[in-house]
Amino acid sequence: MRSKRNLTRFTYEHTAFQGWRLCLSRGGTTFTRYFSDKHYGGGRKSLDAAEAALEELKTLLEGSKKVNGKLMPSTIRKAEKLLMEH
């Protein structure tokens, strides 16, 4: 499986983590979440979970209000909560 925009594949032989990293920057804030193959039951399932989280995060951030080009603290909290739920 290949990396995609905002989703990076980690498959190093000598590390404990194998899976996907979601990384998205908007309004001066970077959101990052890791999706482990071990936790989700394989590479395809972890990718599916990462893609679903990415779409929800993009939807939340697209409709959010910004002040001076920055995301509001309430939006940042909502986004962080959304990522923790996945």
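For the structure, check the block above.
Please read all numbers here as calculations on a predicted model, not as lab measurements. (Residues numbered from 1 in each chain as written. Predicted model: local features only at pLDDT ≥ 70, side-chain atom pairs only at ≥ 80, totals over all residues. Heavy atoms only, no water.)

## Quick notes on the overall build of the protein chain
Selection criterion: Under the DSSP-based scheme used, a helix requires at least four consecutive residues in state H or I and a strand at least two consecutive residues in state E, with every element numbered from the N terminus. Buried means the residue's accessible area, taken with a 1.4 Å probe over protein chains only, is under 20% of the maximum for its type, while exposed means over 50%, and partly exposed covers the values in between. Throughout, a residue-residue contact means that at least one pair of heavy atoms, one from each residue, lies within 4.5 Å. Each accessible area is a Shrake-Rupley result for a 1.4 Å probe, and residues are judged covered by the shown protein chains and nothing else.
Per the secondary structure count, the protein chain includes three helices and five strands. Each helix and strand of the protein chain, placed in order from N terminus to C terminus, yields the pattern β-β-β-α-α-β-β-α. The dimensions of the protein chain, computed from C-alpha atoms along their principal axes, are 45 × 20 × 20 Å. Here the protein chain holds 86 residues, and 37% of them are scored as buried. Of all intrachain contacts in the protein chain linking residues separated by at least 6 positions in sequence, the fraction that spans at least 24 positions is 45%. Summing over all exposed atoms, the protein chain offers an accessible surface of approximately 5800 Å²; the carbon and sulfur share of this is 50%.

## A few points about helix 3 (residues 73–85)
Because each turn of an α-helix spans 3.6 residues, side chains separated by three or four positions end up pointing in the same direction. Under the convention used in this document: Each residue after the first adds 1.5 Å to the expected span of a helix. Comment: arc refers to directions from the helix axis out to C-beta atoms.
Taking 1.5 Å of rise per residue, 13 residues should cover 18 Å, and helix 3 covers 19 Å from first to last C-alpha, within 8% of that figure. Among all positions of helix 3, only T75, I76, A79, L82 and L83 are buried. Angularly, the buried residues of helix 3 cover 125° about the axis, an arc narrow enough to put them on a single face. Residues P73, R77, K78, K81, M84 and E85 are exposed on helix 3 and point more than 90 degrees away from its buried face.

## Quick notes on the packing of aromatic side chains
For clarity, the threshold we go by: In summary, the pairing rule links any two rings of Phe, Tyr or Trp, Trp by its six-membered ring, whose centres are within 6.5 Å, and it sorts them by plane angle into stacked for under 30 degrees, edge-to-face for over 60 and tilted for everything else.
Per the counting criterion, the structure on display carries four aromatic pairs. Centre to centre, the rings of F10 and F17 are 6.1 Å apart; their planes meet at 65°, and the pair counts as edge-to-face. Ring geometry for F17 and Y34: centres 5.5 Å apart, planes at 85°, overall edge-to-face. Linking F17 in the loop between strand 1 (7–10) and strand 2 (19–26) with Y34 in strand 3 (residues 29–36), this pair joins segments that are 17 residues apart in sequence. Accessibility expressed as a relative area gives 24% for F17, which makes it partly exposed. Y34 sits in the partly exposed class, given a relative accessible area of 42%. Members of the aromatic cluster, each reached through a chain of ring pairs, are F10, F17 and Y34.

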